[in-house]
Amino acid sequence: AQTVTQSQPEMSVQEAETVTLSCTYDTSENNYYLFWYKQPPSRQMILVIRQEAYKQQNATENRFSVNFQKAAKSFSLKISDSQLGDTAMYFCAFLDGGATNKLIFGTGTLLAVQP
Amino acid sequence: DTGVSQNPRHKITKRGQNVTFRCDPISEHNRLYWYRQTLGQGPEFLTYFQNEAQLEKSRLLSDRFSAERPKGSFSTLEIQRTEQGDSAMYLCASSAAGASSYEQYFGPGTRLTVT
């Protein structure tokens, strides 16, 4: 069974600084997708960035980028120029390429951006 | 389209009562997912619909839980004889068919409190 591990329950960063959130996963599949979702306090889950396992190039979305290390089964999220609005719970998620496409989530990292 | 909507947003019920939640997916999305999120945890998959067919159910979905998507549009999740352990956030997500099926968009959730 696939598992997703986020070993940092909480992190803090100063506004305008850069922060990296860690995620590791375990799977025997070769075709899969990885995601970072953001869940602001009392607000809904938002997709931040995705990575297809077959792509070697790391995904980038504006200030958000990933470091995808397939052999190490590592998928970290880097947030550059942190903003107060980045304060949220961040979840790493795995989706296998099979028929159901259900997401398997980690336990999350609570990121606080300090002014 | 305003995204995935869920009603009610909050529900407080007494143990033993039945509750029903509704999810309206993004209109062109034929895939619909239910997840449950308890405090301090990532969401856990409950069940999946493709159009009106329920194609997968998690072992988390006990006999007291039933989900329907009668016309392939909105979905309902019913919990019978609620227990305190059912207290959680119930999240609905939807995705399109085809190449975009791996991107799931979440609703705001229904927070259930069983007293």
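Residues numbered from 1 in each chain as written. Chains lettered and ligands numbered in written order. Predicted model: local features only at pLDDT ≥ 70, side-chain atom pairs only at ≥ 80, totals over all residues. Heavy atoms only, no water.

**Q** Just checking my understanding: could you explain the overall build of chain A for this structure?
**A** From N to C terminus, chain A includes zero helices and 12 strands. For a compact globule of 115 residues, the expected C-alpha radius of gyration is about 13 Å, and chain A comes in at 14 Å, within 12% of that figure. In terms of its C-alpha atoms, chain A occupies a principal-axis envelope of roughly 45 × 30 × 20 Å. The buried share of chain A, reckoned over its 115 residues, is 47%. Across chain A, contacts joining residues at least 24 apart in sequence account for 55% of those joining residues at least 6 apart. Only carbon and sulfur atoms are counted for the fraction: they give 44% of the accessible area of chain A, which is about 5,600 Å². When the 9 positive and 10 negative side-chain charges of chain A are each reduced to one mean point, those points stand 5 Å apart. (Helix = DSSP H or I, 4+ residues; strand = E, 2+ residues; numbered from the N terminus. Rg over C-alpha atoms; globule rule 2.2 N^0.38 Å. Buried < 20%, exposed > 50% of the residue type's maximum accessible area, 1.4 Å probe, protein only. Contact = heavy atoms within 4.5 Å. Areas by Shrake-Rupley, 256 points an atom, 1.4 Å probe, with all protein chains shown as cover. Lys, Arg positive; Asp, Glu negative; His and termini not counted. Charge placed at Lys NZ, Arg CZ, Asp CG, Glu CD.)

**Q** When you look at the interface of chain B and chain A in this model, what are you seeing that I'm missing?
**A** Many analyses report the size of an interface as the accessible area lost when the parts associate. Every contact between the two is made by 20 residues of chain B and, on the other side, 20 residues of chain A. At the surface where chain B touches chain A, the tally comes to nine residue pairs in polar contact (both at pLDDT 80 or more). Those elements giving two or more residues to the side of chain B that touches chain A turn out to be strand S4 (31-37) and strand S5 (44-50) of chain B. Residue contributions to the side of chain B that touches chain A peak at four residues, all from S4 of chain B. Split by residue class, the side of chain B that touches chain A holds nine nonpolar, seven polar and four charged. (Polar contact = N/O pair within 3.5 Å; in protein donor to acceptor, adjacent residues only side chain to side chain. Nonpolar A, V, L, I, M, F, W, Y, C, P; charged D, E, K, R; others polar.)

**Q** Looking at this structure, how should I read the side chain of threonine 109 of chain A?
**A** All names here are of chain A. Locating threonine 109 in the fold gives a position in strand S12 (residues 109-114). On the accessibility criterion, threonine 109 (0% relative accessible area) is buried. A polar contact is formed between the side chain of threonine 109 and the backbone oxygen of glutamine 8, at a distance of 2.6 Å. Leave out the neighbours within four places in its chain, and threonine 109 touches Gln6, Gln8, Pro9, Glu10, Met11, Leu21, Ala88, Met89 and Tyr90.

**Q** Where do I start with the state of the cysteines in this structure?
**A** One way to say it: the disulfide is the covalent bond shared by the sulfur atoms of two cysteines. Under the defined criterion, the tally for this structure stands at two disulfides over all chains. Across the disulfide from cysteine 23 of chain A sits cysteine 92 of chain A; the S-S distance is 2.0 Å. The chirality of the disulfide connecting cysteine 23 of chain A with cysteine 92 of chain A is left-handed, given an S-S dihedral of about -70°. Here cysteine 23 of chain A, found in the loop between strand S3 (19-21) and strand S4 (24-26), pairs with cysteine 92 of chain A, found in strand S10 (residues 88-96); they are 69 residues apart in sequence, far enough to count as distant. For cysteine 23 of chain A, a relative accessible area of 2% gives the class buried. Overall, cysteine 92 of chain A belongs to the buried group, its relative accessible area being 0%. Linked covalently through their sulfurs, cysteine 23 of chain B and cysteine 92 of chain B form a disulfide whose S-S length is 1.9 Å. Across the S-S bond linking cysteine 23 of chain B and cysteine 92 of chain B, the dihedral sits near -65°, which makes this disulfide left-handed. Residue cysteine 23 of chain B is located in strand S3 (residues 19-24), and its partner cysteine 92 of chain B is located in strand S9 (residues 88-95); the two are separated by 69 residues in the primary sequence. (Disulfide = S-S within 2.5 Å.)

**Q** What exactly am I supposed to notice about the nonpolar core here?
**A** Membership of the largest hydrophobic core comes to 25 residues, with the highest contact counts inside it found for Tyr25, Trp36, Phe75, Leu77 and Tyr90 of chain A. Sorting the residues of this core by element identifies S3, strand S5 (32-39), strand S6 (46-52), strand S8 (64-69), strand S9 (74-79), S10 and S12 of chain A as the ones contributing at least two each. Among the elements that line this core, the one with the most residues is S10 of chain A, at four residues. If near-sequence neighbours (up to four positions away) are discounted, phenylalanine 75 of chain A is found in contact with Ser22, Cys23, Tyr25, Leu34, Phe35, Trp36, Gln51, Val66, Asn67, Phe68 and Cys92 of chain A. Judged by nonpolar contacts, the second largest core, of 19 residues, contains Val4, Val19, Leu32 and Tyr90 of chain B. (Core = buried A, V, L, I, M, F, W, Y, C linked by side-chain atoms within 4.5 Å.)

**Q** Just to check I follow, could you spell out the side chain of serine 65 of chain A for this structure?
**A** Considering the arrangement of structural elements, one finds serine 65 of chain A in strand S8. Not counting chain neighbours up to four residues away, the residues in contact with serine 65 of chain A comprise Ile49, Ala59, Thr60, Ser76, Leu77 and Lys78 of chain A.

**Q** Hey, could you run me through the pattern of salt bridges in this one?
**A** Opposite charge on two side chains makes pairing possible when the charged atoms of those side chains draw close. Inspection of the entire model under this criterion finds nine salt bridges over all chains. Aspartate 26 of chain A is the salt-bridge partner of lysine 73 of chain A, the closest N and O atoms lying 3.4 Å from each other. With a gap of 47 residues between them, lysine 73 of chain A in the loop between S8 and S9 and aspartate 26 of chain A in strand S4 connect regions that are remote in the sequence. Note on aspartate 26 of chain A: relative accessible area 39%, which makes it partly exposed. Notably, a salt bridge pairs arginine 64 of chain B with glutamate 83 of chain B, separated by 3.4 Å at the nearest N-O pair. Of the two residues, arginine 64 of chain B sits in the loop between strand S6 (53-57) and strand S7 (65-68) while glutamate 83 of chain B sits in the loop between strand S8 (75-79) and S9, which places them 19 residues apart along the sequence. Three or more residues are tied together by salt bridges with common partners; here these are Arg50, Glu52 and Lys55 of chain A together with Glu103 of chain B. (Salt bridge = Lys/Arg side-chain N within 4 Å of Asp/Glu carboxyl O.)

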